[in-house]
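Coordinate inspection notes
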Number of protein chains: 2
Amino acid sequence: MSGDQAQKVAALERALRDKGVRITRQRAALLSVLAAAGDHPDATELHRRAREIDASVSLSTVYRTLSLLEGQSVVQRHAFEGAPSRFETADAAHHDHIIDLETGDVIEFYSERIERLQAEIAAEHGYELVHHRMELYCRKAGPRAGKRGRRRRSEGDFEG
Amino acid sequence: MSGDQAQKVAALERALRDKGVRITRQRAALLSVLAAAGDHPDATELHRRAREIDASVSLSTVYRTLSLLEGQSVVQRHAFEGAPSRFETADAAHHDHIIDLETGDVIEFYSERIERLQAEIAAEHGYELVHHRMELYCRKAGPRAGKRGRRRRSEGDFEG
DNA sequence: GTGTGTGCAAATACTTTGCACTACA
DNA sequence: TGTAGTGCAAAGTATTTGCACACAC
């Protein structure tokens, strides 16, 4: 684990403790797995990784801890189509996801324009947007489309 | 059932038969339930309604038929957050959904601008958009926000 | 008639929960 | 040391499937 990750875990633990959450061996293991994860693992995968740190961690505890951390806004749960929920730490800025239908890879992106439009649309219907979900299920484009060189990065957008 | 619905069911049955799909009592029952549904019922609710027409319809058959109809693009499945999948006939134009977090009500909307942006974003990342999912989880706005009188209906957008 | 569709019950996949024991604060 | 957390096994929820019988074409 890099120093960065160790720091991230320490900060998370401190914040949780301040909120009265006990840091057990199992929770510490899961927190460091989550901090180290650059991807979007599901509960089973997180369990597998946590076991490498502490073999005693059970799958129930993984689920219980994930729910707890979700409630504390430490992790975010994503229920993509026809697959178990996948998790990521909630420290990054809000973003949406592109799911590669062939590989299952998840690419993060953010579009200021889409965020704005969504809020507008909700308001137009007399609603206040609490949260949203936007997933683009895609397949790698052919040679013509989406040439990297032609790409114009729009202000307010980024690639995750 | 209105004449419109009867016609809709007849057209669906014809189209399915032409594709070699047998129209059984159970499938006919489900088709008429689907044609009559103005909402987004889940499998259990569709089962309940289908039983009113033909008491012999089993839940397995409802699931099997829904999968079949989904494959034939006759119905669309929507897996909203933390709830069983909900279904609607696929005859209407493509649209996205606002989900009222308090009542579970589903409001349909369509935004040409969002559709365009999604395709653009996928292309920018070297992907071809196969399909997407966009759901706005909302709560009724307070008296200030979203005044109906102030609403500007943007070209290309409609309310379902 | 014949092959597809059906009901039923059991299986599946993911997730939650009851209970007795453990360990953090 | 007391209460919140844990592992385990069992239950729960949504959905799918194997099998013998039924029925649409």
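Cut-off values and rules
Residues numbered from 1 in each chain as written. Chains lettered and ligands numbered in written order. Predicted model: local features only at pLDDT ≥ 70, side-chain atom pairs only at ≥ 80, totals over all residues. Heavy atoms only, no water. Near = heavy atom within 4 Å. Polar contact = N/O pair within 3.5 Å; in protein donor to acceptor, adjacent residues only side chain to side chain. Buried < 20%, exposed > 50% of the residue type's maximum accessible area, 1.4 Å probe, protein only. Helix = DSSP H or I, 4+ residues; strand = E, 2+ residues; numbered from the N terminus. Pairing = 2+ DSSP bridges. Contact = heavy atoms within 4.5 Å. Buried area = accessible area lost by both parts, 1.4 Å probe. Salt bridge = Lys/Arg side-chain N within 4 Å of Asp/Glu carboxyl O. Nonpolar A, V, L, I, M, F, W, Y, C, P; charged D, E, K, R; others polar.

Some thoughts on the protein's contact with DNA strand D
By nearness alone, 20 residues border DNA strand D, and A:Thr24, A:Ser56, A:Ser58, A:Thr61 and B:Tyr63 come closest of all. The protein-proximal atoms of DNA strand D, defined as those within 4 Å of the protein, are 68% sugar or phosphate. In this structure, B:Arg17 approaches DNA strand D through a side-chain N or O atom, which is 3.0 Å from a phosphate oxygen. A distance of 2.6 Å separates a phosphate oxygen of DNA strand D from a polar atom in the side chain of B:Tyr63.

Considering the pairing of strand 3 (residues 96–100) of chain A
Residue and element names in this part refer to chain A. Among the five residues that make up strand 3, five are buried, leaving the element largely enclosed by the rest of the structure. Going residue by residue along strand 3, you find Asp96, Ile98 and Asp100 tucked away on one face and His97 and Ile99 tucked away on the opposite face as well. Of the strand pairs in this sheet, strand 3 and strand 4 (residues 106–111) are connected by four bridges, and their pairing is antiparallel. Counted as the bridge partner of Ile99 is Val106 from strand 4. Taking the residues between adjacent antiparallel strands as the criterion, strand 3 and strand 4 are bridged by five residues, where Gly104 takes a positive phi near 85°. Strand direction decides the pairing type here: strand 3 and strand 5 (residues 127–140), joined by four bridges, are parallel. Bridge pairing in strand 5 links His97 to Glu135.

Let's talk about the interface of chain A and chain B
The partner chain B presents 42 residues to the 42 residues of chain A that form the contact. When the two sides are added together, the surface that chain A and chain B hide from each other amounts to roughly 4,100 Å², 58% of it contributed by carbon and sulfur. For the interface between chain A and chain B, the tally reads six salt bridges. With a closest N to O distance of 3.8 Å, B:Arg139 and A:Glu128 form a salt bridge. Applying the counting rule to chain A against chain B returns 18 residue pairs in polar contact (both at pLDDT 80 or more). No other element matches the 14 residues that strand 5 of chain A contributes to the side of chain A that touches chain B. Taken together, the residues of the side of chain A that touches chain B sort by class into 19 nonpolar, eight polar and 15 charged. Examined bridge by bridge, strand 5 of chain A and strand 5 (residues 127–140) of chain B share 13 bridges and lie antiparallel to one another. In the strand pairing of strand 5 of chain B, A:Tyr137 is matched with B:His131.

Overview of the protein's contact with DNA strand C
The immediate surroundings of DNA strand C are formed by 20 residues, with A:Tyr63, B:Thr24, B:Ser56, B:Ser58 and B:Thr61 found nearest. Restricting the count to atoms of DNA strand C within 4 Å of the protein gives a sugar and phosphate share of 69%. Between DNA strand C and B:Arg22, the relevant distance is 2.9 Å, taken from a base nitrogen to a side-chain nitrogen or oxygen of the residue. With respect to DNA strand C, the side chain of B:Ser60 contributes an N or O atom lying 3.3 Å from a base nitrogen. Contributions of two or more residues to the surface near DNA strand C are made by helix 4 (59–71) of chain A together with helix 2 (25–36) and helix 4 (59–71) of chain B. Split into classes, the residues belonging to the surface near DNA strand C amount to four nonpolar, nine polar and seven charged.

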